[in-house]
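Below, each chain spelled out in residue letters.
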Protein chains: 2
Amino acid sequence: MFLTGYPIEDLALRASFRRASKAAITDLAAAIADQGNGDLVAIVGYLDEAATGGPQNVAAVIHGGEVKARYIKTHLPNFGVFDEYRNFVPGDATLVVRIHGVDVGVLICQDIWHDDGIITELAKRSPGLVVVPNGSPYERNKDDVRLALVEKESRRMGAPFIYVNMIGGQDDLVFDGDSMVVDGQGHLIARSPQCEDGLMLVDLDLVGGSSNPDVIISEDVIEQSTPLVTAIAERTSMEEEIWKALVMGLRDYVEKNGFKSVILGLSGGIDSALVAAIAVDALGADRVHGVALPSKYSSEHSLADAQELANNTGLHFRTMPIAPMVDAFTSNVVLKGLAEENVQARVRGTTLMGISNQEGHLVLATGNKSELAVGYSTLYGDAVGGFAPIKDIYKTDVWALATWRNAQATEDGEVAPIPVRSIEKEPSAELRPDQKDSDSLPDYLLLDKVLTEYVDHDRGYDELVAAGFDRALVARVIGLVDGAEYKRRQYPPGTKISSRAFGKDRRLPMTTRWREGK
Amino acid sequence: MFLTGYPIEDLALRASFRRASKAAITDLAAAIADQGNGDLVAIVGYLDEAATGGPQNVAAVIHGGEVKARYIKTHLPNFGVFDEYRNFVPGDATLVVRIHGVDVGVLICQDIWHDDGIITELAKRSPGLVVVPNGSPYERNKDDVRLALVEKESRRMGAPFIYVNMIGGQDDLVFDGDSMVVDGQGHLIARSPQCEDGLMLVDLDLVGGSSNPDVIISEDVIEQSTPLVTAIAERTSMEEEIWKALVMGLRDYVEKNGFKSVILGLSGGIDSALVAAIAVDALGADRVHGVALPSKYSSEHSLADAQELANNTGLHFRTMPIAPMVDAFTSNVVLKGLAEENVQARVRGTTLMGISNQEGHLVLATGNKSELAVGYSTLYGDAVGGFAPIKDIYKTDVWALATWRNAQATEDGEVAPIPVRSIEKEPSAELRPDQKDSDSLPDYLLLDKVLTEYVDHDRGYDELVAAGFDRALVARVIGLVDGAEYKRRQYPPGTKISSRAFGKDRRLPMTTRWREGK
């Protein structure tokens, strides 16, 4: 699906989109030849149709101005963020194409994850090389899983694998590249860095004429006397890997949707500071607008820390006290307690959206995964925004990423972007006097452990209690998570970095009488 | 899935939920016997597990305090609102159970929609009766499709069918019941009304001992000398059918989620009037709170029409002018043009949410499908709410439903709820002087035709132009629909009544360069 973007979702079900995809692959084949590159063999993913009209996930083998062969994806993932049974009709046949005398097998993405599936059929045909285009979304640690798989399968096949993955963000997914070449003994010989666009040239010693190809493109063997030097990109720290994914996810949402700039509220706290730092890395300081929106409950350091962040990063900064608008609400609509707390958040949201409408910026929501999990946010208040860069980052990881980014800056001889006090001070929403997150939530270190088990690993009440967590704590956290489902439904999209992000990765009814541990 | 609710979505993937479901079906079997009804045979849908641990959609045959037999759903729908490949492992075996000497075949829902599937296997076993529990969501006209199917399949099977469907709402789905019994020649002999809970007793002349059953529950034949009188509920008009679905969808969202009351803004326009009338029918006037939120651009008739609606229906009514809050924004944050229009809508949204937080009402969003399609709504403004009762109703149907409901009231000798002027006046958002919807949108009659083709029937630009619609109009409408995807993502849930509702029924990327007709 390199041609159409991925996931294409229900666009696959629209006849006009299928026609356009088929026309575009034909045009692409012609354009490559028209530019004098007709000898080049290009393998490009796109959407095609079965004879019955059903949509299919296909890799085209392009040569000489035409599509010479097609491979149809056989194994359709239908879990996590994937809905491929919904959108595609599976193929059931292997493809081997002879290119410069080498018999090249083609598979697509999920096809190599099923040991007893189409990959075994391909192995019986003993290809001399296997090429696998992928639309494999980033998740932390997934690069290690991919490498281990490609090593194992190339060894089993006894042929080198070229594993090519998409680069870039689309809505809540980031494709991190991490393309790699593994030889026929399962040894990694080339690997691209994550989240960086680029071109990798690799030359391989290949066995020719090993199979009976379905299509012969060329028989002439190519000799290269001076081998190209290939590179294996070093793995980075977990923090750097996640940071790059968050930066790419935000940048691509902004650029691909035609926004010139972003705006966010700066509370002086760590969440908005982290989002601001990501935005500056993604877009440059000149395209980032921060607004301090102090209320009567804001502490002095809030404004100072927001100002320091602005100074450190160079983003555009303005201050807009919310008292006049809040007073207008509280004196005309009687609002007390939680209602008064929420109106402050909503006045901030309305102010940011107003400036966005006036000046054209995309509003960023700054909530983290811990808050989103327990519903510790105000609908139409701090939850406003077109994109939520850290919605899949637990609070403890928010701190870790901020600390890492500052250390990185210091190492590079640059100003650390995030004020130290924003990292070190006790979290507070500052919606009433002397409020602290810890008044109403467990310590984040403990909370995030419970949330990771419940949300990311699907462990229920009994399993959590058996694992040693306090019964009352588990019941309370689970109750908060279940009760906040309606809020998450209306929350903006944001980059997935975990194996279970909120959104289409985790689909639950809002209306259900089921409660864990009751 | 009568036991768990449907759809259960990713709850199926949680081991604790599967354990709880299995325990509940065992408890239910025991409870029926404990109450002295051990002789009763009950067929109940629930979630079970395959030997491998995978979740399965199962119908339990309960008798004598135990589950005597299980049928596992074979055909798993994975289109529209359904994600069953994601959540279930399919079964592959028929079940025939002998009850009072009659061999009863059991199938589940989608199983009867595949002529060459498990239903054909069951036919080979010649059951004397087929029982089919269903979780079949309401769509307009679907009752006709269901009846035709059950008639055809019972004729093919040569045995009576008992088709039983769920009743009630869950989030955006309404299950309308419409349970029916068809004899072995394909003639309808009993049918329950749509959207009404109830118990139907039907007696049938059945052929005994027609198969080799997997399980024998009882051999004794029951004779009934005075046949029960069965009823075939009359079909209602399209408007009445939709009205009942909307009323049940809202009522069940409110009741099942524990809300005592609802609140909504009353503009004097037709959309909010229709939602108020639905809410009063669903909950009674005493649980419905309407708020007029006039601005300097509101016309005189707006307040008068809102007041008349309140008088007609008896709902709680208050007026809260938004000028002080809007002025606070416009004088502290410079907002002009669209930004000023939007701030009015957001002040209204914040006011409603404030009252909701203070008094505990669920906020209802009043947007219709035409507005939602073209993005003619303000995020965090008129789009606020926990539920959006008419989000799947096009504007032309809004008028038709309002007219029908008034006529119905008159026929019943009651006061017509909706002010005639609200139905007849030209639609306007009243966010700037003399604004009319027709300033920026095509006539709704024409707009809704294009939207129905594009959204509900997946017809693209070329097909629409070929069907005779104006090129510029089609391009403009399609552009508006595609560009509003991000707004729909954050819109509250609401009752699905069409074959393609916004939400999980229509899944599209926000980030895509594809535009129809460009």
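Residues numbered from 1 in each chain as written. Chains lettered and ligands numbered in written order. Predicted model: local features only at pLDDT ≥ 70, side-chain atom pairs only at ≥ 80, totals over all residues. Heavy atoms only, no water.

What to know about the packing of aromatic side chains
For the record, the criterion: For Phe, Tyr and Trp, rings pair up if their centres lie within 6.5 Å, where Trp contributes its six-membered ring, and each pair is then called stacked (planes under 30 degrees apart), edge-to-face (over 60) or tilted (otherwise). Strands are runs of DSSP state E lasting at least two residues, helices are runs of H or I lasting at least four, and both sets are numbered from the N terminus onward. A simple rule labels every residue: compare its accessible area, found with a 1.4 Å probe on the protein chains alone, to the largest value its type can have, and call it buried under 20%, exposed over 50%, or partly exposed in between.
Inspection of the entire model under this criterion finds 14 aromatic pairs over all chains. Considering the side-chain rings of F17 of chain A and W514 of chain B, the 5.1 Å spacing of their centres and the 90 degrees angle between planes classify their relative orientation as edge-to-face. Here W514 of chain B lies in the segment after helix 17 (485–489) and F17 of chain A lies in helix 1 (residues 15–37), a pairing that spans two chains. Residue F17 of chain A is classed as buried on the basis of its relative accessible area, which comes to 4%. The interplanar angle of 75 degrees and the centroid separation of 5.9 Å between the aromatic rings of W399 of chain B and Y444 of chain B together place this pair among those described as edge-to-face.

Here we look at the interface of chain B and chain A
Applied cut-off: Residues are treated as being in contact if the distance between any of their heavy atoms lies within 4.5 Å. Using a 1.4 Å probe, buried area is obtained as the accessible area two parts lose upon being combined, added over both of them. The rule for a salt bridge is simple: a side-chain nitrogen of Lys or Arg has to be within 4 Å of a carboxyl oxygen of Asp or Glu. Here a polar contact is recorded for every N or O atom pair within 3.5 Å, except that within protein the pair must consist of a potential hydrogen donor and a potential acceptor, and residues adjacent in sequence are included only if both atoms are side-chain atoms. Three residue categories are used. Nonpolar comprises Ala, Val, Leu, Ile, Met, Phe, Trp, Tyr, Cys and Pro, charged comprises Asp, Glu, Lys and Arg, and polar comprises the others, including Gly.
Residue-level contacts link 72 residues of chain B with 72 residues of chain A. A buried area of about 6300 Å², summed over both sides, lies between chain B and chain A, and 54% of it is on carbon and sulfur atoms. A per-residue breakdown of the area chain B buries against chain A is headed by R14, R86 and T511 of chain B, which together make up 12% of the total. Summed over the shared surface of chain B and chain A, the number is 10 salt bridges. The residue R14 of chain A makes a salt bridge to E516 of chain B at a minimum N-O spacing of 3.1 Å. Along the contact surface separating chain B from chain A lie 34 residue pairs in polar contact (both at pLDDT 80 or more). Tallying contributions element by element places helix 9 (residues 338–359) of chain B first for the side of chain B that touches chain A, with 12 residues. For the side of chain B that touches chain A, the residue count by class is 35 nonpolar, 18 polar and 19 charged.

Observations regarding the pairing of strand 14 (residues 288–292) of chain B
All names here are of chain B. As a reminder of what qualifies: What makes two strands pair is DSSP finding at least two bridges between them. Crossover handedness is defined here as right-handed if the route from the first strand over the helix to the second strand goes clockwise, with the strands pointing away from the viewer.
For strand 14, the buried fraction is high: 5 of the 5 residues fall into the buried class. Side chains V288, G290 and A292 project from strand 14 onto one buried face, and the interleaved H289 and V291 project onto a second face that is buried too. Both strand 13 (residues 262–265) and strand 14 contribute to a ladder of 4 bridges, which runs parallel. Within the sheet, the bridge partner assigned to V262 lies in strand 14 and is V288. For the crossover that starts at strand 13, traverses helix 6 (residues 270–283) and ends in the parallel strand 14, the hand is right-handed. As judged from the 4 bridges shared by strand 14 and strand 15 (residues 316–319), these two strands associate in the parallel manner. Note that in strand 15 the partner of A292 across the bridge is T319. For the crossover from strand 14 across helix 7 (residues 300–313) to strand 15, the handedness is right-handed.

So, the UniProt feature "domain: CN hydrolase" (unreviewed entry) in chain A
Under the convention used in this document: UniProt positions are given in the numbering used here, feature names are shortened, and annotations may be inferred rather than shown by experiment.
The feature "domain: CN hydrolase" (unreviewed entry), as annotated in UniProt, sits at residues 1–206 of chain A in this numbering. In the segment residues 1–206 of chain A, helix accounts for 24% and strand for 29%; the C-alpha atoms at its two ends are 27 Å apart.

Focus: the domain arrangement of chain A
Interface size is commonly expressed as the accessible surface area that is lost when the partners come together. Using the following cut-off: Start and end positions for the domains come from either an automated domain assignment or a database one.
Once the domains are mapped, chain A shows domain 1 (1–73) and domain 2 (239–429). Distance from the C-alpha centre of domain 1 of chain A to the C-alpha centre of domain 2 of chain A: 41 Å.

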